[in-house]
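Overview (structure and organization)
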Amino acid sequence: MTYDCVITGSGPAGLGTAFALLEKKPKSKILILESGEVSSGGLRNDCKMNWTFPIGFPLDYWNEKNAVPYLQRLEHFLNPLILEKDNVEVYARRAGRIGVTLLRVRQAHLGTDGGILLIKRLTKELEERGVEIALAESLVNVDADSHTAQTSKREVKYKALVVAPGRRGFDFLRNLMKSLKIEFSDNSIDVGIRVETTAERYSIVRDYYDPKFLFPESTRTFCTNSGNAHVVQEKYLSKSGTTYYSVNGHAFSQNRTPNGLVNFAILRSVSFTEPIASGQDYAEYLASLAMLSGGGKPLMQRIGDFRLGRRTTRNALNDDLYDFKPTLNDATPGDISLAIPAKFLNSIWKSLKKLDTIVPGVLHPATIMYYPEIKLYANKPVFINEFFMAACDVYLIGDGAGTSRGITGAWASGMRAAEGIISRE
Ligand SMILES: Cc1cc2nc3c(=O)[nH]c(=O)nc-3n(C[C@H](O)[C@H](O)[C@H](O)COP(=O)(O)OP(=O)(O)OC[C@H]3O[C@@H](n4cnc5c(N)ncnc54)[C@H](O)[C@@H]3O)c2cc1C
């Protein structure tokens with residue numbers, strides 16, 4: 001049998017493709033390959049959705065005109081509950097005085113538990129509409145000439161192939177692009193830390209769930225979580241086969257009892273010029289330095305110790321001043337400045353000081369900085385058309401292919417690829 005479309009990855013980009021294809025062609029034969037035991041990739045984490053362009057939409061591929069119609073269609077489909085914001089003008093004025101911009105973003109938040117319920121509903125609906133979802137089955141290779149995909153279990157024929165493997169599939173995608181002779185560049189990177197503190201000390205979260213501050217030097221806050229919030233570590237395998245971790249954060253829905261904590265990232269973006277050719281190589285080098293400094297785990301350091309220029313120790317975590325336990329207790333107490341290049345650390349520290357002026361309290365000695373938080377979404381394939389087709393009937397989308405940086409952008413990439421597929425039929 002030949003599938004009308006084989007989709008690799010059941011994250012929001014893959015789901016976006018499937019639903020958009022079914023909307024126009026309800027009888028489409030669709031196979032979704034998912035290497036995980038469970039479905040739907042990044043929708044399982046926190047699931048806060050940003051509904052204001054350009055959050056989550058890389059400007060290399062999107063502008064307001066082409067993104068907003070997808071956002072509107074998706075909002076109509078998912079019908080999210082948009083969160084209220086209060087006192088935004090007060091924070092924005094304070095920020096503006098010191099050269100910082102506060103973006104006003106429409107947001108919804110399902111939480112990790114709410115995201116899982118959404119996934120169940122969406123995947124059930126797809127299966128009822130005849131889509132095959134093959135869990136624990138990975139795309140391994142592709143022969144674009146014969147339109148054949150080799151999976152970890154079989155060979156399948158397709159009319160269109162959509163590859164949306166997410167950030168963890170970054171390396172897989174690069175290898176696939178090489179084998180399909182798809183040109184790509186990878187010259188930028190986001191590196192930063194995750195900050196964890198009490199909700200009292202970052203009280204803006206009571207007014208604005210995920211406040212997006214833009215600081216000078218391409219530095220920004222990103223992915224704020226509160227309520228029942230946790231810092232987590234994601235495991236990655238480098239090209240050379242070594243394991244490294246990047247931190248991240250998520251929160252449960254409002255149904256869970258709050259733990260009184262907040263976490264958010266501060267990231268700085270850098271674009272490289274010659275002779276650095278690969279953002280991924282650079283990121284892996286940084287991550288390996290962090291693993292060396294942290295004994296194979298991410299590092300954590302209290303602000304109080306950082307200010308005094310000394311490492312945090314496990315014993316000091318119990319000090320009376322240090323009045324909350326790290327949620328990522330597995331991280332190694334240490335000295336993040338041993339591992340972060342000055343270009344990133346200086347911008348991040350300057351930004352934190354500005355943030356403490358806007359929301360006084362965030363730089364309390366007990367506040368924790370975790371490192372590394374590295375975002376690899378800089379694969380930039382050379383596309384053949386505006387629908388993200390990169391080889392004959394092969395579409396590369398989502399965070400792994402650099403066409404999105406968040407749930408709504410990933411879903412919109414899938415809708416756009418689906419339009420390309422339909423337009424070629
Ligand atoms: C802890 C955490 C919290 C986050 N919180 C938010 C948030 O609140 N809001 C937000 O907008 N974004 C958030 N993100 C980012 C968001 O998850 C991503 O932007 C989004 O999921 C990208 O969608 P995607 O479909 O491109 O990839 P993914 O969602 O990552 O899905 C890719 C899927 O492809 C599968 N896969 C990979 N390789 C293969 C292969 N070879 N064969 C078959 N399957 C494969 C993977 O198992 C995965 O399920 C968070 C991410 C993390 C890690």
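Note: the structure precedes this text.
These numbers come from a predicted model, not from an experiment. Throughout, a residue's number is its position along its own chain's written sequence, starting from 1. Reporting of local features is limited, given that this is a predicted model, to residues whose pLDDT is at least 70; pairs of side-chain atoms are given and counted only at 80 or more, and all residues count toward the totals for whole chains, interfaces and linings.

1. Quick word on unusual backbone geometry
Stated formally: Runs of H or I in DSSP of at least four residues are treated as helices and runs of E of at least two as strands, each being numbered from the N terminus.
The step from Phe53 to Pro54 runs through a cis peptide bond, and the omega angle for that step is 5°. In this structure, Pro54 sits in the loop between strand 3 (48-50) and helix 2 (64-78). Going from Tyr371 to Pro372, the amide bond is cis rather than trans, its omega being 5°. Unlike most non-glycine residues, His147 shows phi in positive territory, near 55°. Structurally, His147 can be placed in the loop between strand 7 (139-143) and strand 8 (148-151). Residue Asp393 is not a glycine yet carries a positive backbone phi of 60°. As for its placement among the helices and strands, Asp393 is situated in the loop between strand 21 (389-391) and strand 22 (394-396).

2. Here we look at the site of the ligand
Note the cut-off: Proximity of a residue to a molecule or strand is defined by its backbone-placed C-beta atom lying within 6 Å of that partner. Residue type decides the class: Asp, Glu, Lys and Arg count as charged, Ala, Val, Leu, Ile, Met, Phe, Trp, Tyr, Cys and Pro as nonpolar, and the leftover types, Gly among them, as polar. Domain segmentation is taken from an automatic or database assignment of domains.
For the ligand, the set of nearby residues contains 41 residues, the closest of which are Gly11, Gly41, Gly42, Gly166 and Gly398. At the level of elements, helix 1 (12-24), strand 2 (30-34), strand 3, strand 14 (228-237), strand 15 (243-252) and helix 9 (407-424) are the ones that each hand at least two residues to the shell around the ligand. Of the residues contributing to the shell around the ligand, the split by class is 13 nonpolar, 21 polar and seven charged. Here the shell around the ligand spans two domains, since at least three of its residues come from each of domain 1 (2-84 + 111-185 + 379-424) and domain 2 (188-375).

3. Observations regarding helix 8 (residues 342-358)
Residues that lie three or four places apart on an α-helix share one face, since the helix turns once every 3.6 residues. Selection rule: The span one expects for a helix is its residue count, reduced by one, times 1.5 Å. Between the buried cut of 20 or more and the exposed cut of 12 or fewer other C-beta atoms within 10 Å of a residue's own C-beta lies the partly exposed class, and all C-beta atoms are placed from the backbone. Contacts here follow a simple rule: the backbone-placed C-beta atoms of the two residues must lie within 7 Å.
For helix 8, which comprises 17 residues, the first-to-last C-alpha distance of 24 Å matches the rise-based estimate of 24 Å (1.5 Å per residue) to within 8%. All buried positions along helix 8 are accounted for by Phe344, Leu345, Ser347, Ile348, Trp349, Ser351, Leu352, Leu355 and Ile358. Structurally, helix 8 contributes buried residues whose contacts are with helix 3 (88-97), strand 11 (188-198), strand 12 (212-215), strand 13 (219-225) and strand 16 (261-271).

4. A closer look at the sheet that holds strand 16
This is how the line gets drawn: Note on pairing: DSSP must find at least two bridges between two strands before they are called paired. Throughout, an axis means a line fitted to C-alpha atoms (over the contacting stretch in the case of helices), and angles, computed between N-to-C directions, take values from 0 to 180 degrees.
Pairing within the open sheet is mixed, and its eight strands lie in the order 4-12-13-16-11-19-17-18. Looking at strand neighbours, the two that pair on one side only are strand 4 (101-103) and strand 18 (332-333), the edges of this open sheet. As defined by bridge partners, strand 11 adjoins strand 16 across eleven bridges and the pair is classed as antiparallel. Directly across from Glu196, in strand 16, lies its bridge partner Asn263. Most of the contacts of helix 3 go to strand 4, to which it runs at about 150°, and overall it touches strand 4 and strand 12. Packed onto the sheet, helix 6 (residues 279-293) meets strand 11, strand 17 (299-302) and strand 19 (368-375) and runs at close to 150° relative to strand 19.

Without other data, these values stay purely geometric and don't point to any function.
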